[in-house]
Structures are given as C-alpha cells and as structure tokens.
Amino acid sequence: MDTVDLLIKSSTEFYNDLKADENGRYRSWEHCYSHFIKARESKEVDYDYLSLQLAFYLASWGMYRGSSFLLQKDYKVHIPVVKEQELKNQLSFTLITKILMGTLGCVPAYDRYFIAGIKNAH
C-alpha cells in the first residue's frame, strides 16, 4: 500500500469512527471551530466563551497533560490568544498549530503523530 492509499484509508477510518460517536472527544475540534467561525461574523464576541471552547478542545486533544504549563491554568489564560490571535509567549509548536487548527482551521496540528507521518512519507 503506497502512502496516498494509506493516508486515504486512515482518514476514512478516522472519519467513520468520528461519525459513529456523536459525543466523541474529537468532536471538540468541530465545536471549537464552528464557534470561532460564528464569532467572526458577529459584532459582539464573547471572548470568555470562545476561550472556554478553545481550552476544552486543547484538553481533549492532549494539551492539558504532563508537563504542559496549561495544566496549571484555567481556561481564561486563552483570552489574549482569542482576542488577538497572536502567539507571543514561548508556546510549543504543537500547541500553536492546535490553536490555529481549532480557531482558524488553516493548518493541521503538528503533533508527534503528524510529524512522524510526514517524515515517513519522505
């Protein structure tokens, strides 16, 4: 099986698993992203609510575990990121890309699995 076939097969299996569980943890990205899309169209943005959405999405995707500084913070730590979409602090590349994926949907999350898959494809 070549890389493209493997990618399609894996993506299809992931999508089918996601569809099968309407409350699965990976739905948190869908919820987060949809709230950020709606907020872009709104004149009154609820930064607190968006920060809560972002925090839960990040937690469900593993960014609130281990040695992550986020483990010691509440969801309001994300308000500056939500307001400005600027990433000025010393954040990990994984966290930055997961925030961008959750809020803008513009890049995949460059976690260890994605990076390993990319390396394997070369």
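Look up: the structure comes first, before these words.
Rules and cut-offs
Residues numbered from 1 in each chain as written. Predicted model: local features only at pLDDT ≥ 70, side-chain atom pairs only at ≥ 80, totals over all residues. Heavy atoms only, no water. Phe/Tyr/Trp six-rings, centres within 6.5 Å; stacked < 30°, edge-to-face > 60°. Helix = DSSP H or I, 4+ residues; strand = E, 2+ residues; numbered from the N terminus. Buried < 20%, exposed > 50% of the residue type's maximum accessible area, 1.4 Å probe, protein only. Salt bridge = Lys/Arg side-chain N within 4 Å of Asp/Glu carboxyl O. Axes fitted to C-alpha atoms, helices over the stretch in contact; angles between N-to-C directions. Parallel < 35°, antiparallel > 145°, perpendicular 65-115°, else oblique. Left-handed = near helix turned anticlockwise from the far one by under 90°. Contact = heavy atoms within 4.5 Å. Nonpolar A, V, L, I, M, F, W, Y, C, P; charged D, E, K, R; others polar. Expected span 1.5 Å × (residues − 1). Polar contact = N/O pair within 3.5 Å; in protein donor to acceptor, adjacent residues only side chain to side chain. Core = buried A, V, L, I, M, F, W, Y, C linked by side-chain atoms within 4.5 Å.

Asks: I'd like a rundown of the packing of aromatic side chains, residues and numbers included.
Replies: Using the criterion set out here, one finds five aromatic pairs in the structure. Between Trp-29 and Tyr-33 the ring centres are 5.0 Å apart and the planes differ by 10°, which places this aromatic pair in the stacked class. Here the residue Trp-29 and the residue Tyr-33 both occupy positions in helix α2 (residues 27-41), the gap between them amounting to four residues, near one helical turn. When its relative accessible area of 24% is taken as the criterion, Trp-29 is described as partly exposed. The class of Tyr-33 is partly exposed, set by a relative accessible area of 25%. Pairing Tyr-110 with Phe-114 gives two aromatic rings, centres 4.7 Å apart and planes at 65°, and the pair type is edge-to-face.

Asks: How would you sum up the pattern of salt bridges? Please name residues and give values.
Replies: Pairing is possible between side chains of opposite charge, provided their charged atoms come close. Using the criterion set out here, one finds three salt bridges in the structure. Among the salt bridges present, the one from Glu-30 reaches Arg-27, with a minimum N-O distance of 3.4 Å. Taken together, the residues span about one helical turn, with Glu-30 and Arg-27 both in helix α2 at a distance of three residues. Residue Asp-48 pairs with Lys-76 through a salt bridge whose shortest N-O separation is 2.7 Å.

Asks: An account of the packing of α2 against helix α3 (residues 47-60) is requested, with residue identities and associated values reported.
Replies: Relative to each other, α2 and α3 sit at 155°, their axes nearing to 8 Å. Comparing their axes, α3 and α2 come out roughly antiparallel. In this structure, the crossing between α2 and α3 has a hand that is left-handed. Across the interface between the two elements, Ser-28, Trp-29, His-31, Cys-32, His-35, Phe-36 and Ala-39 from α2 touch Tyr-49, Leu-50, Gln-53, Leu-54, Phe-56, Tyr-57 and Ser-60 from α3. Its residues assigned to classes, the contact of α2 with α3 shows nine nonpolar, five polar and no charged.

Asks: Got a sec to walk through α3? Specific residues and values, please.
Replies: Residues that lie three or four places apart on an α-helix share one face, since the helix turns once every 3.6 residues. The first and last C-alpha atoms of α3 sit 20 Å apart over 14 residues, in line with the 20 Å expected at 1.5 Å per residue. Among all positions in α3, only Leu-50, Ser-51, Gln-53, Leu-54, Ala-55, Tyr-57, Leu-58 and Ser-60 are buried. Buried residues along α3 sit against α2, α4 (79-84) and α5 (93-103). Sitting at the head of α3, Asp-46 places a side-chain oxygen 3.3 Å from the backbone nitrogen of Asp-48. Looking one or two residues beyond α3, the residue adopting positive phi is Gly-62, at roughly 90°.

Asks: Got a sec to walk through the environment of Tyr-64? Specific residues and values, please.
Replies: Here Tyr-64 is to be found in the loop between α3 and α4. Along the primary structure Tyr-64 and His-78 are separated by 14 residues, whereas in three dimensions their C-alpha atoms are 13 Å apart. For Tyr-64, the residues in contact, after removing those within four places along its chain, are Ala-55, Leu-58, Ala-59, Leu-70, Leu-71, Lys-73, Asp-74, Tyr-75 and His-78. A polar atom in the side chain of Tyr-64 sits 2.8 Å from the side chain of His-78.

Asks: So what about the nonpolar core? Which residues, and what values?
Replies: Core analysis: the largest hydrophobic core is formed by 18 residues, its most contacted members being Phe-36, Leu-54, Tyr-57, Leu-58, Leu-70, Leu-95 and Ile-99. At the level of elements, α2, α3, α4 and α5 are the ones that each hand at least two residues to this core. Broken down by element, the residue count for this core peaks at five residues, all from α3. With residues near it in sequence (within four places) discarded, Leu-58 still touches Met-63, Tyr-64, Leu-70, His-78, Leu-95, Lys-98 and Ile-99.

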